[in-house]
Amino acid sequence: SVLGLLLLIPGLIIMVYWVFGPIATVTESLGAIASLGYSFKLVRGQWWRTTTLLTIISVLALVIDVLADSVGGLVATADPLAQSQVPWYIDLIVSQTPWYVDFIVNPLISGVAGPLLYALMLATFYDLQLRHEGVDLAERIAAT
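This write-up is about the structure you can find in this document. Worth saying up front: this structure is predicted, and the values here are computed from it rather than measured. (Residues numbered from 1 in each chain as written. Predicted model: local features only at pLDDT ≥ 70, side-chain atom pairs only at ≥ 80, totals over all residues. Heavy atoms only, no water.)

Details of the packing of aromatic side chains
This model, assessed by the stated rule, comprises five aromatic pairs. Consider the rings of Tyr-17 and Phe-40, whose centres lie 4.4 Å apart with planes at 35°: the pair is tilted. With a gap of 23 residues between them, Tyr-17 in helix α1 (residues 2–18) and Phe-40 in helix α3 (residues 32–43) connect regions that are remote in the sequence. Exposure remark for Tyr-17: the relative accessible area of 16% places this residue in the buried category. Site record: aromatic cluster; members linked through ring pairs are Phe-20, Tyr-38, Phe-125 and Tyr-126. (Phe/Tyr/Trp six-rings, centres within 6.5 Å; stacked < 30°, edge-to-face > 60°. Helix = DSSP H or I, 4+ residues; strand = E, 2+ residues; numbered from the N terminus. Buried < 20%, exposed > 50% of the residue type's maximum accessible area, 1.4 Å probe, protein only.)

Below, the structure written as structure tokens:
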């Protein structure tokens, strides 16, 4: 338990440093190891800021997921055909959501939320890239 906690904290730190590796592989045409190094370079000096932005993105994803599940639950409870005829202990194990929630409502919500979350990650990556290259400082200096 204590060993797991001691490994969890460095793992989370490394995860934040390497989270933009796949994005760097695609956008910068780097190899796997080079993209992890590039991600590390971008996040270095910006770790707390990046962690805060990733936490906000994760909370947003969680809120969207809870809203999607709530919509599915409301639809399932409002539909008289979806009412469970099984005992309560089986109802806890087996989901009784109607087919249209699983095949229409949830994919529509995922179709909007998925690209939004990827766009937020990409925007964070490009922001770190601009900060790393110093373009934002050059624009501030030119503006004065």
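Here's the deal with the nonpolar core
Grouped together as the largest cluster of nonpolar side chains are 14 residues, with contacts concentrated most on Phe-20, Val-43, Met-121 and Phe-125. For this core, the elements supplying multiple residues, two or more each, are α1, α2 (21–27), α3, α4 (47–78) and α6 (99–133). In this structure Phe-125 touches Phe-20, Ile-23, Ala-24, Thr-27, Glu-28, Tyr-38 and Leu-42, once residues within four positions along its chain are discounted. (Core = buried A, V, L, I, M, F, W, Y, C linked by side-chain atoms within 4.5 Å. Contact = heavy atoms within 4.5 Å.)

Things to note about a nonpolar patch on the surface
A surface patch of nonpolar side chains, about 540 Å² in accessible area, is lined by Leu-5, Leu-8, Ile-9, Leu-12, Ile-13 and Met-15. Along the chain, Ile-9 falls in helix α1. Taking relative accessible area as the criterion, Ile-9 reaches 48% and is therefore assigned partly exposed. (Patch = residues over 30% accessible without salt bridge, like charges linked within 9 Å, V, L, I, M, F, W, Y side chains within 5 Å. Areas by Shrake-Rupley, 256 points an atom, 1.4 Å probe, with all protein chains shown as cover. Salt bridge = Lys/Arg side-chain N within 4 Å of Asp/Glu carboxyl O.)

Topic: the side chain of Gln-129
Along the polypeptide, Gln-129 turns up in helix α6. Of the polar contacts made by the side chain of Gln-129, one reaches the side chain of Tyr-38; its length is 2.7 Å. With near-sequence residues (within four places) excluded, Gln-129 lies in contact with Glu-28, Tyr-38 and Leu-42. (Polar contact = N/O pair within 3.5 Å; in protein donor to acceptor, adjacent residues only side chain to side chain.)

Here's the deal with the pattern of salt bridges
In total, this model carries two salt bridges according to the counting rule given. With its nearest N and O atoms 2.7 Å apart, the salt bridge here joins Arg-49 to Asp-127. Of this pair, Arg-49 sits in helix α4 while Asp-127 sits in helix α6, and the two are 78 residues apart along the sequence. Look at Arg-49 and you get partly exposed, because its relative accessible area is 30%. Asp-127 is the salt-bridge partner of Arg-131, the closest N and O atoms lying 3.1 Å from each other. Residue Arg-131 and its partner Asp-127 are both found in helix α6; the two are separated by four residues, about one turn of the helix. In this structure, a network of salt bridges that share partners links the residues Arg-49, Asp-127 and Arg-131.

Quick word on α6
Here α6 is 35 residues long and its end C-alpha atoms lie 50 Å apart, about the 51 Å a rise of 1.5 Å per residue gives. At Asn-106, α6 shows its largest kink, close to 30°, and the proline Pro-107 lies no more than four residues downstream. Buried within α6 are the following residues: Val-101, Ala-113, Met-121, Thr-124, Phe-125, Leu-128 and Gln-129. Taken from the residues just after α6, Gly-134 is the one with a positive phi, measuring 80°. (Expected span 1.5 Å × (residues − 1). Bend = angle between axes of the 7 residues up to and from the residue.)

Things to note about the packing of α3 against α6
Taken N-terminus to C-terminus, the directions of α3 and α6 make an angle of 70°; their axes are 9 Å apart at the nearest point. In terms of orientation, α3 lies roughly perpendicular with respect to α6. Facing α3, whose interface residues are Tyr-38, Lys-41, Leu-42 and Val-43, α6 presents Phe-125, Leu-128, Gln-129, His-132 and Glu-133. Each residue belonging to the contact of α3 with α6 can be placed in one class, and the counts come to five nonpolar, two polar and two charged. (Axes fitted to C-alpha atoms, helices over the stretch in contact; angles between N-to-C directions. Parallel < 35°, antiparallel > 145°, perpendicular 65-115°, else oblique. Nonpolar A, V, L, I, M, F, W, Y, C, P; charged D, E, K, R; others polar.)

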